[in-house]
Structure formats: C-alpha cells, structure tokens
Amino acid sequence: MKIAVTYNNGQIFQHFGHTETFKVYQVEDGKVASSAILDSSGSGHGALASLLRSQGVDALICGGIGGGAKTALAQAGVTLYGGVSGSADQAVADLLAGKLTFNPDVMCSHHGEHHGHDCGEHHGGHHDHHCGGHCGS
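The model shown is predicted, which means the values in this text are computed figures rather than measured ones. (Residues numbered from 1 in each chain as written. Predicted model: local features only at pLDDT ≥ 70, side-chain atom pairs only at ≥ 80, totals over all residues. Heavy atoms only, no water.)

A. Structural detail: the overall build of the protein chain. Looking only at helices and strands, the protein chain features three helices and six strands. Ordering the α and β elements of the protein chain from the N terminus gives β-β-β-β-α-β-α-β-α. Burial status across the protein chain gives 43% buried among its 137 residues. By sequence separation, contacts in the protein chain at least 24 residues apart represent 48% of the contacts at least 6 residues apart. Accessible surface for the protein chain amounts to roughly 6800 Å². Of this, 48% is attributable to carbon and sulfur atoms. (Helix = DSSP H or I, 4+ residues; strand = E, 2+ residues; numbered from the N terminus. Buried < 20%, exposed > 50% of the residue type's maximum accessible area, 1.4 Å probe, protein only. Contact = heavy atoms within 4.5 Å. Areas by Shrake-Rupley, 256 points an atom, 1.4 Å probe, with all protein chains shown as cover.)

Structural data, given as structure tokens:
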C-alpha cells in the first residue's frame, strides 16, 4: 500500500491544489517500509490525482481540498483522508494505527471560490470549517 501526504517542511500542506510536493510512504505489513518525496511540478489539482494514481498511491492525507479534486481522486481510486493537520509522519503512523482524526466531508476550497457556504473564511486551525451540512451537497 502507498500513502501520499501533501507535504511542506515536515508538515501536512493545507492546500491540495497548490501542493508542490507529496511525501509518499510505502507501507508493508502495517509499517512504513520507505518514503520518498514526489515533486508535483506545479501540476494543478486536476493533474494531481492522475499523478498520484500513476505512482500507485492508494490513499491521500491532506488538509483542505476542493470538490473537483475530491471527485478526481475518487475517480482515480485514491482514498481521501482530508482535514488533517500537523506532522506528516505522525498522520501516517496514526492512520496505520487506526486512530487518524480526519474529516470525511471536507469540501472547502482554498482558492477563494465560495460555493454558497462560509467555509472559505476559516482556514486557521479550525478544520471543521463551520460547514454544517452544506459541504456534502
């Protein structure tokens, strides 16, 4: 299994569509066997899902992600764990231990496109984004 994390200086990068690097973890027998940095070469969110799929990535841990990128990842067969912050290495360890805290309904765009809800104004450390029931619709 391969897990990718949006990556910047050891931390989970919070804007999927602007990710310049991913850290990709090769997992064997429930443990990280190796990891490597993958340069996205400024691919943009549409191409990022294809890039991850081409690398054999099974799951992605990230912070904020827009609806179009979520759809592209789903179509590429990449499981999404969004709304996560902090250490990339710790997030992968938590996922493997079955204790990663993530938001399955994360839908907020960090590109200034407001989709009829107030998600765009709460980028700080608030990963519930005050979406209520609006993000999934």
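Still more ground to cover, so stick around.
B. Structural detail: unusual backbone geometry. In this model, Asn 9 sits at a positive phi of 50°, which is unusual for a non-glycine residue. With respect to the secondary-structure elements, Asn 9 resides in the loop between strand S1 (2-8) and strand S2 (11-12). A positive phi angle is found at Asp 29, which is not glycine, with a value near 55°. Its location among the elements puts Asp 29 in the loop between strand S3 (21-28) and strand S4 (31-39).

C. Structural detail: helix H2 (residues 67-76). Along H2, the residues classified as buried are Ala 69, Lys 70, Ala 72, Leu 73 and Ala 76. The buried residues of H2 occupy an angular sector of 165° when the element is viewed end-on, so they sit on one face. Set apart from the buried face of H2 by more than 90 degrees, the exposed residues are Gly 68, Ala 74 and Gln 75. Directly beyond the C-terminal end of H2, a positive phi value near 80° is found at Gly 77. (Arc of directions from axis to C-beta.)

D. Just the side chain of Asp 94, in detail. For Asp 94, the location among the structural elements is in helix H3 (residues 88-96). Here Asp 94 is buried and forms no salt bridge, its nearest opposite-charge partner Lys 99 lying at an N-O distance of 4.2 Å. Look past the residues within four positions of Asp 94 in its chain and what remains in contact with it is Lys 99 and Leu 100. (Lys, Arg positive; Asp, Glu negative; His and termini not counted. Salt bridge = Lys/Arg side-chain N within 4 Å of Asp/Glu carboxyl O.)

E. Just the pattern of salt bridges, in detail. Tallied over the entire structure, the rule returns one salt bridge. A salt bridge links Asp 89 to Lys 23; the nearest nitrogen and oxygen atoms lie 3.0 Å apart. With Asp 89 in helix H3 and Lys 23 in strand S3, this pair connects stretches of sequence that are 66 residues apart. For Asp 89, a relative accessible area of 42% corresponds to the partly exposed category.

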